[in-house]
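# Survey of secondary and tertiary structure
Read off the chains here:
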Amino acid sequence: MRGEIAILNGTVFDPANRIFGERMDIFVKDGKIVSSVSSKAQRIDASGRVVMPGGVDIHSHIAGSKVNSGRLLRPEDHRKDVEAKTSTTHSGVGYSIPSTYTTGYRYAKMGYTTVFEPATPPLKTRHTHEELDSTPIIDKGCFPLFGNNWFVMEYLRDGKVEDCATYVAWMLKALKGYAIKIVDPGGVEVWGWGKFLRHLDEKVTYFDVTPREIVRGLCKVNRLLNLPHPIHVHTNNLGNPGNYTTTIETMDSVRDMAGGGKPIIHITHVQFTGFSGSSWLNLGSGAPEIAEYVNRHGHVSVDLGQIIFGDTTTMTADGPFQYFLHMLTDNKWVNMDVEAETGSGIVPFQYKRSNYVNAIQWGIGLELALLIEDPWRVFMTTDHPNGGPFTSYPRVIAWLMSRKARERTLSKINRTARRRLTLPSIEREYTLEEIATITRAAPARSLGLKDKGHLGLGADADIAIYDINPSNMDVLTGKPSKLRRAFGQAYYTIKNGEVVVRDGKILKTPFGRTFYVESQTKPEMESNLLRSIEAKFRDYYTVGLENYQINESYLRNPAKIICEAEI
Amino acid sequence: MGFGESTFKDVVCTVCGCCCDHLEVTVKENTIVKVKNACAMSTSKLLNYMNERLMKPMIRRRGRLSGCSYSDAIDAAAKILSKSRSPLLYGWSLTSCEAVEVGVELAEEVGGFIDNTTSTCHGPTILGVHEIGESSSTLGEVRHRADLIIYWGCNPVHAHPLHMSRYTLLSKGRFRKSRSERTLIVVDVRRTDTAKMADIFIQVEPNKDYELISALRAAVRGDEIEQDEVGGVPTDLIEEVAEKLISCEFGALFFGLGLTMSPGKSENVDAALSLVRDLNSKTKFVITPMRGHFNVNGANNVMTWTTGYPYAIDFTRGFPYYNPGETSAVDLLARGECDSALIVASDPVSNFPYRATCNLTSMPLITIDPHITPTVLCSDVAIPSALVGIETSGTVYRMDGVPLVTRKLVEPPRNMKSDTEILKDILRHYRNLKRSGR
Amino acid sequence: MSALKLTLRRTVVAPLHLEIISPDNLSGKRWREIGEYMVWEGNRKVKLRNLFKIEGEADANLQDTLIEIVGDMSRGRRIGYRMSGGVIRVRGHCGLHVGESMRGGRIIVDGDAGPWLGANMAGGTIEVSGNAGDYVAAASLGTGKGMTGGSITIKGNSGSQAGAWMYSGLIRILGSSGMFPGVHMRGGTIHIAGECSGRAGANMRGGKIVVSGKLPTVLPSFTFEDIRSQTRVDKDNVEGPFYVFSGDNNEDGDGRLFIKIASNPQLKWCEKFLEV
């Protein structure tokens, strides 16, 4: 029942529409924000509370083959965090790799309403969609992996950018994917042989193309297809001391293609690729250098990948990095290479306050957020679950908003790390409007989701109301536990015009939409492409072309976004 | 192709865990008349799928099974479950993921146990993965790159007939174009038909696989093995094989019930997983279990994403709890801890140990199956269902986790529903009964 | 010492979850209150008094609390879960997970014990007069960390994988043991007075396993070290002489196997490695 709701007298933060803490009413009807409602509307008294658009998580590993392998790997993780069935919710398990129902419920309870799975191997993307469709409440989408794809590498090696673009457009449509994801370009193909690749200009064995060429090529493709989100990049050399230089090199590799006033490359979980130093012993924070670059170059956006101290599970498509982590920790290790496309790896991990490297990592994420000036180009994530479970977002918000919260944690971390970080000297505290920007408005804009991340007329009625009294902010920043609690449990979450959460309890569990992109190329481009790949398909893959594609009818609630390609 | 015929291409097979998807099936007048590209097992299934079908719902009255209406069968099933303190829902590996997802919902609703055939097959594999992890890949990676293939305790020539030609020894990959570019090692207790194709056949003494893997691990590390032979295999040969393992460019180990169901079980798999993990410090190596049924991996995947656990899930206390040996079907039945059972697309009466089967057949028993099986014949309620991949479509997962959609090729017999529909009907009716206080 | 006595009054028809039965939960409580506690029997909750006739009283002092259980507890789970003091005595067979995560106190089982006896044990003692199932003192799935303290004595036989992933503590099996005792062990001591069916100490990284009866073979990833005339198990001297092996080399392990020479003539081959 998507009737009418009147949210009255709340203090609204809607940065996309330049509303920064104004007392106003928000009206909802038929799942959209409207200008007025009838007297029959459900009334919600939001006085003394903060109203924001529902949270938009641009990068969180919640669905698909590697996430499920992670669940399988860790029955011990599940045992410590169990959810019993209620009259409105299914049972499930949580902690670092929640089951699908629990994932949807927990996001909704925090006031999040849209989440993207950022790395799906094309051959197994049907699995990703099955899991997304088993995740209630939130709207969602997924980013297929292209950075080690055989067709892509061959097109780019041969300079065939337009063919590559046609292929990518067809792939996004066939897989019901949303954006171009690149993980360790070239590196995962080389890992198919158990080898490692370190430099942007190193050629990928047998493919004669470099990581730089892959990134540049796909950046061009992205522009040719007019995709709503820039290329989403997990750079080479993740986890290696000194890798901040790779990050800057990668950002710089497409600088000449900048234009249009918005970012053309998004570097994800940049904390993990923000290390200075040359070894574990002198590891330092590369955040100041990266922040400086981001501040001076508008063609880049980043998300944090903030770590949280405690036990979690690392999982990425960066197979070689995950092997390296296994060797470092001696923890159990899952690896899954995917033919002609990509790979993945999973290793449980514990971030310890007392550990020098982990303490530096903790500092890097926060330094990045606090040193980057434009909140529209830095998004809050923990790269769930790599840095920590998404349920720790309130903790990150508290660190960003409260210097006191940071100092408390700083006082407990490895002393040498504390001395080497810039963080202790940073006074900046994020305001509520900046938090609303980095957790909602900015990710939505980056994704090109025009009706999300804001509360303007016609926007989707995805709304979060928090028990934060904005006239009390000084008190709150002095008591960060209150901030954590408020952001951890929404007073109300409204999804698509329905009240789904009240006082931290799930009331309703509708299923959201799956967004995907269709970039419309000229019809003959696609038919030529299909003819040319059909011949090769069974040579490259062990499944037929017919079975590789996913019909729209397979998805529970597909929502197509059309864009017009330039080819 | 003759008049009134239609041919389906790229059809996904529904027999073993290979899930070959290159079948061509010709249908005429709602019957399958021709099959191309399939192995003998698959061809036989596709051409004989109407044999021994359960054609209508049945209920046991006064000791005898007799026909009844669909709604009576649903009602009887729901009533059995509503009175049950510890219902067991078992099977799942021969039906679609969509059906399994409803099955999980039903098990949670009735407060029961849900388990699939993993617990009698590759359960030990999963137990090993919980402790060690798994270095693996999709089958195409093996086809493209593997120059060394090992089959350990499995016999693909008979159990997975197209495995070698589609994915391993006889397949053509980008980097390995022919048989001559690959080496096959087979380890088994007897010279099977697969062993006859091997470049090196190692005949291990029965129940000594663990010792042999230990020795291989030692040899791969370069440690001295003090014994002259291990498990009936001379130490010299073990060292020769270890050398081959280290010096290959890409090795792939496939294993079956020879490891999972011989003494040691999950420890055997633990050892194999550890060997492959160790080998990754020297070269590239992957390991894949040879899953038997076409959707046992799908059942594992669905159960894992909905509950966190791949099989043997206990919902009796309102949350998922998992402990194979305690919550797995055979153990529950052997201890007499279940008081009713719903079997879906499986025939445990034919497969389970004696005491478990005795207990299973002495409790209210509901079976949903396309065929008349011994389990059906022992049931109190039997409901016929459409065959996945022939009469109804559904998603399945290949042994390496690649999801595929099986097709509907023909119409099912009149009024016959899919497992998904039947389970939804039982669930709906169960909820109605509960709501009205029954 | 006053005793609280629980006598099973009917057949148990489904898994019975009894983690509430522990001195920590029941000490100082009156029988009437205890009778009202609910436990899961299959998917229904039942009151304890529905299952048990409850007599006597549990002492107010934890250390002096004595709980006696009479009746066939084979379907029971987690009696004595996480207890830290007091005594539980089961006058018959007990079920699964008895004494799991125990920290102190004492459990006595007069009959047989099911699998996972003393899983994740951290302290206290368990004594079983009969046999025990598989996974004595083992780690829960996936944790890689098992027993960290306490001692378990089984007068009869035990199943497989006793002491899996053990870190510290003592397990004594007076009868024979199934295969894989001490698998993935990191520390602690296991003494098997009778036979062991095989694979002792597989993947061990530390700790000690003493087998006084027959062990058919030693894993090939172990190295013969020496012959020793005796060895210590807790405070006792156990008479040998023993073949001593170190391993598991596959895990760079530094554990020790002590295998009694008199019971193992088939292992004589290792003597050729003795340094003369």
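Analysis parameters
- Residues numbered from 1 in each chain as written.
- Chains lettered and ligands numbered in written order.
- Predicted model: local features only at pLDDT ≥ 70, side-chain atom pairs only at ≥ 80, totals over all residues.
- Helix = DSSP H or I, 4+ residues; strand = E, 2+ residues; numbered from the N terminus.
- Rg over C-alpha atoms; globule rule 2.2 N^0.38 Å.
- Contact = placed C-beta atoms within 7 Å.
- Buried ≥ 20, exposed ≤ 12 C-beta atoms within 10 Å, placed from the backbone.
- Pairing = 2+ DSSP bridges.
- Nonpolar A, V, L, I, M, F, W, Y, C, P; charged D, E, K, R; others polar.
- Axes fitted to C-alpha atoms, helices over the stretch in contact; angles between N-to-C directions.
- Core = buried A, V, L, I, M, F, W, Y, C linked by C-beta atoms within 7 Å.
- pLDDT = per-residue confidence, 0-100.

## Comments concerning the overall build of chain B
Check the secondary structure of chain B and you find 17 helices and 22 strands. Taken over C-alpha atoms, the radius of gyration comes to 23 Å for chain B, in line with the 22 Å a tight globule of 438 residues would show. In terms of principal-axis extent, the alpha carbons of chain B reach across some 70 × 60 × 35 Å. Across chain B, contacts joining residues at least 24 apart in sequence account for 68% of those joining residues at least 6 apart.

## Some points on the overall build of chain A
The helix and strand inventory of chain A stands at 20 helices and 26 strands. A compact globule built from 567 residues should have a C-alpha radius of gyration of about 24 Å, and chain A, at 22 Å, falls within 12% of that. Projected onto its principal axes, the C-alpha positions of chain A cover 65 × 55 × 45 Å. The buried share among the 567 residues of chain A stands at 63%. The contacts in chain A between residues at least 6 apart in sequence include a share of 78% that link residues at least 24 apart.

## Some words on the pairing of strand 18 (residues 340-344) of chain B
Residue and element names in this part refer to chain B. Counting buried positions along strand 18 gives 5 out of 5 residues, so the element sits mostly inside the fold. Side chains of strand 18 alternate between two faces, with Ser-340, Leu-342 and Val-344 and Ala-341 and Ile-343 buried alike. Of the strand pairs in this sheet, strand 6 (residues 87-91) and strand 18 are connected by 5 bridges, and their pairing is parallel. Pairing of Gly-91 across the sheet is with Val-344, part of strand 18. Relative to strand 19 (residues 365-369), strand 18 runs parallel, the two sharing 4 bridges. Considered in strand 19, the bridge of Ile-343 is made with Thr-367.

## Concerning the interface of chain C and chain A
When the parts of a complex come together, some accessible area is lost, and that lost area is often taken as the interface size. Counting from both sides, the interface comprises 4 residues of chain C and, opposite them, 4 residues of chain A. Its residues placed into classes, the side of chain C that touches chain A shows 1 nonpolar, 3 polar and no charged.

## Section: the sheet that holds strand 11 (residues 200-203) of chain B
By way of backbone hydrogen bonds, the strands of a sheet pair with one another, either parallel or antiparallel. Residue and element names in this part refer to chain B. With parallel pairing, the 5 strands of this open sheet are ordered in space as 11-10-9-14-15. The sheet is open, and its two borders are formed by strand 11 and strand 15 (284-289), each paired with just one other strand. The sheet shows a mean angle of 15° between the axes of neighbouring strands, taken without regard to direction. Packed on one face of the sheet, helix 9 (residues 235-247) meets strand 9 (148-152), strand 10 (183-188), strand 11 and strand 14 (250-255) and runs near 135° to strand 11.

## Description of unusual backbone geometry
Geometrically, the link from His384(A) to Pro385(A) is a cis peptide bond, its omega value of -5° lying close to zero. Mapping Pro385(A) onto the fold places it in the loop between strand 20 (378-379) and helix 13 (393-401). For Asp383(A), which is not glycine, the phi torsion reads 55° and is therefore positive. Along the chain, Asp383(A) turns up in the loop between strand 20 and helix 13. Owing to 27 C-beta atoms within 10 Å, Asp383(A) belongs among the buried residues under this scheme. Its identity as a non-glycine residue notwithstanding, Asn207(B) has a phi of 70°, on the positive side. Structurally, Asn207(B) is set in the loop between strand 11 and helix 8 (209-221).

## Quick look at the sheet that holds strand 1 (residues 5-11) of chain B
Residues and elements named next belong to chain B. Spatially, 3 strands are ordered 1-2-3 in an open sheet, and the strand pairing comes out antiparallel. With partners counted over all chains shown, the strands left at the sheet margins are strand 1 and strand 3 (31-36), one partner each. Strand-to-strand twist of the sheet, defined as the mean angle between neighbouring strand axes without regard to direction, takes the value 25°. Taken strand by strand, helix 1 (residues 40-47) contacts strand 2 (23-28) and strand 3, and its axis lies near 165° from that of strand 3.

## Considering the interface of chain A and chain B
The interface is formed by 44 residues belonging to chain A together with 49 residues belonging to chain B. At the level of secondary structure, the elements contributing two or more residues to the side of chain A that touches chain B comprise helix 1 (65-73), helix 2 (75-79), strand 7 (82-83), strand 8 (92-93), helix 3 (100-109), helix 4 (125-132), strand 18 (333-337) and helix 20 (545-548) of chain A. Class assignment for the residues of the side of chain A that touches chain B results in 17 nonpolar, 16 polar and 11 charged. As paired strands, strand 18 of chain A and strand 8 (residues 133-137) of chain B are joined by 5 bridges and run parallel to one another. In the sheet register, Asn335(A) faces strand 8 of chain B, and the bridge partner there is Ser135(B).

## Re the nonpolar core
Counting 325 residues, the largest nonpolar core has Val168(A), Leu368(A), Ile465(A), Ala77(B), Leu216(B) and Ala272(B) as its most contacted members. The element that contributes the greatest number of residues to this core is helix 12 (residues 356-371) of chain A, accounting for 9 residues. Apart from residues lying up to four places away in sequence, Leu368(A) is in contact with Val270(A), Gln271(A), Gly274(A), Ala287(A), Ile290(A), Ala291(A), Val302(A), Leu304(A) and Val378(A). Judged by nonpolar contacts, the second largest core, of 80 residues, contains Met102(C), Leu117(C), Val128(C) and Ile190(C).

## Details of the confidence of the model for chain B
Averaged over chain B, the pLDDT score is 97; the fraction of residues at 70 or greater is 100%. Both confidence scores are given for the complex: pTM 0.98, ipTM 0.97.

## Side note on helix 18 (residues 480-488) of chain A
Those residues of helix 18 of chain A that sit buried are Pro480(A), Leu483(A), Arg484(A), Ala486(A), Phe487(A) and Gly488(A). For helix 18 of chain A, the elements touching its buried residues are helix 13, helix 14 (403-410), strand 21 (463-466) and helix 17 (473-478) of chain A.

## Some words on the environment of Gly28(C)
Residue and element names in this part refer to chain C. Take Gly-28: it is sitting in the loop between helix 1 (23-26) and helix 2 (31-35). The partly exposed category is assigned to Gly-28, around which 13 C-beta atoms lie within 10 Å. C-alpha separation for the pair Gly-28 and Leu-62, spaced 34 residues apart in sequence, amounts to 7.9 Å. Ignoring anything within four residues of it in the chain, the contact list for Gly-28 reads Ala-58 and Ala-60.

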